Amino acid sequence: MIYLLGSIPLGVVPLTGPMAHDFSYANTFAQHMPTRGKPVLQEIGEELDTRNFSFFFSEEFCSPATELAKLEAAFALKTPMPLVLGNGVFNGKRYVVEMLSGQIVKTGRNGAPVRIEARIGLLEDPVAGGLFGLLNAIAKSRAPALSGSAATNPEVKK
């Protein structure tokens, strides 16, 4: 697992010890109840994508306090950042840090953290593409209602 959130490495050895990465995609549908038969589905649109990363920082390969401070700064800034996947591909989506949690598992004799386990939750920011990205998202959300056939759009009469 090798990911780059802005300039922050996630799941990169030797900076972070990767443990898990999960993602979630969802669509929203409305159900219209006819007089008889099963409900008819109408696509409303896509929900925002989410990604969660679990990893640990250990003094064996990094400064746990420094690496945690980078994540805390990203959380505090609330700035959309690009996420580059392990194969080096940037899919054009930007994410904000929605959730950050951690646990200091071990401290040294001086009280400094020696090992920190962390979990970061990212939420897609569809407007991060600027005005063009916003207009494109609006156009995509409205397009199914404007065109189509009876087979693809229940609003079109046969």
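Across its full length, the protein chain carries two helices and nine strands. Ordered by position from N to C terminus, the α and β elements of the protein chain give β-β-β-β-β-β-α-β-β-β-α. For the protein chain, contacts bridging at least 24 residues in sequence account for 56% of all contacts bridging at least 6. When the accessible surface of the protein chain is split by element, carbon and sulfur atoms take 58% of a total near 10,300 Å².

In terms of strand pairing, strand β1 (residues 3-5) meets strand β7 (residues 81-84) through two bridges, oriented antiparallel. Within β7, the residue paired with L5 across the bridge is L83. Pairing analysis gives three bridges linking β7 to strand β8 (residues 90-107), with the strands arranged antiparallel. Bridging across to β8, P82 finds its partner in R94. Taking the residues that link successive antiparallel strands as the turn, the β7-β8 hairpin has five residues, and the phi of G88 there is positive, at about 85 degrees.

On to the packing of aromatic side chains, then. Tallying each qualifying case throughout the model produces two aromatic pairs. When the centroid spacing of 5.4 Å and the interplanar angle of 45 degrees are considered together, the rings of F23 and Y25 count as tilted. Between F55 and F57, the aromatic rings sit 5.4 Å apart at their centres with planes inclined by 65 degrees, giving edge-to-face as the arrangement. The pair formed by F55 and F57 is uniform in burial state, with each residue classed as buried. One cation-aromatic arrangement involves R115 over F56; the distance from NZ or CZ to the ring centre is 3.9 Å.

The next point concerns helix α1 (residues 64-77). Helix length check: α1, at 14 residues, gives a terminal C-alpha distance of 20 Å against a target of 20 Å (1.5 Å per residue), a fit within 8%. Three or more residues of α1 are buried, namely P64, E67, L68, L71 and A74. Viewed end-on, α1 has its buried residues packed into an arc of 115 degrees, placing them on one side of the element. Buried residues along α1 sit against β2 (8-10), β6 (50-58), β7, β8 and β9 (113-124). In the stretch just after α1, K78 is the one whose phi turns positive, near 55 degrees.

Turning next to the nonpolar core. Ranked by internal contacts, the top residues of the largest apolar core, which has 19 residues, are L5, L10, F53, F55, F57, I120 and L122. When contributions to this core are tallied by element, the ones reaching two or more residues are β1, β2, β6, α1, β7, β8 and β9.

Tracing the backbone shows D49 in the loop between β5 (40-46) and β6. Reaching out from D49, the side chain makes a polar contact with the side chain of K93 at a distance of 2.3 Å.

Thresholds applied
- Residues numbered from 1 in each chain as written.
- Predicted model: local features only at pLDDT ≥ 70, side-chain atom pairs only at ≥ 80, totals over all residues.
- Heavy atoms only, no water.
- Helix = DSSP H or I, 4+ residues; strand = E, 2+ residues; numbered from the N terminus.
- Contact = heavy atoms within 4.5 Å.
- Areas by Shrake-Rupley, 256 points an atom, 1.4 Å probe, with all protein chains shown as cover.
- Pairing = 2+ DSSP bridges.
- Phe/Tyr/Trp six-rings, centres within 6.5 Å; stacked < 30°, edge-to-face > 60°.
- Buried < 20%, exposed > 50% of the residue type's maximum accessible area, 1.4 Å probe, protein only.
- Lys NZ or Arg CZ within 6 Å of the ring centre and 35° of its normal.
- Expected span 1.5 Å × (residues − 1).
- Arc of directions from axis to C-beta.
- Core = buried A, V, L, I, M, F, W, Y, C linked by side-chain atoms within 4.5 Å.
- Polar contact = N/O pair within 3.5 Å; in protein donor to acceptor, adjacent residues only side chain to side chain.

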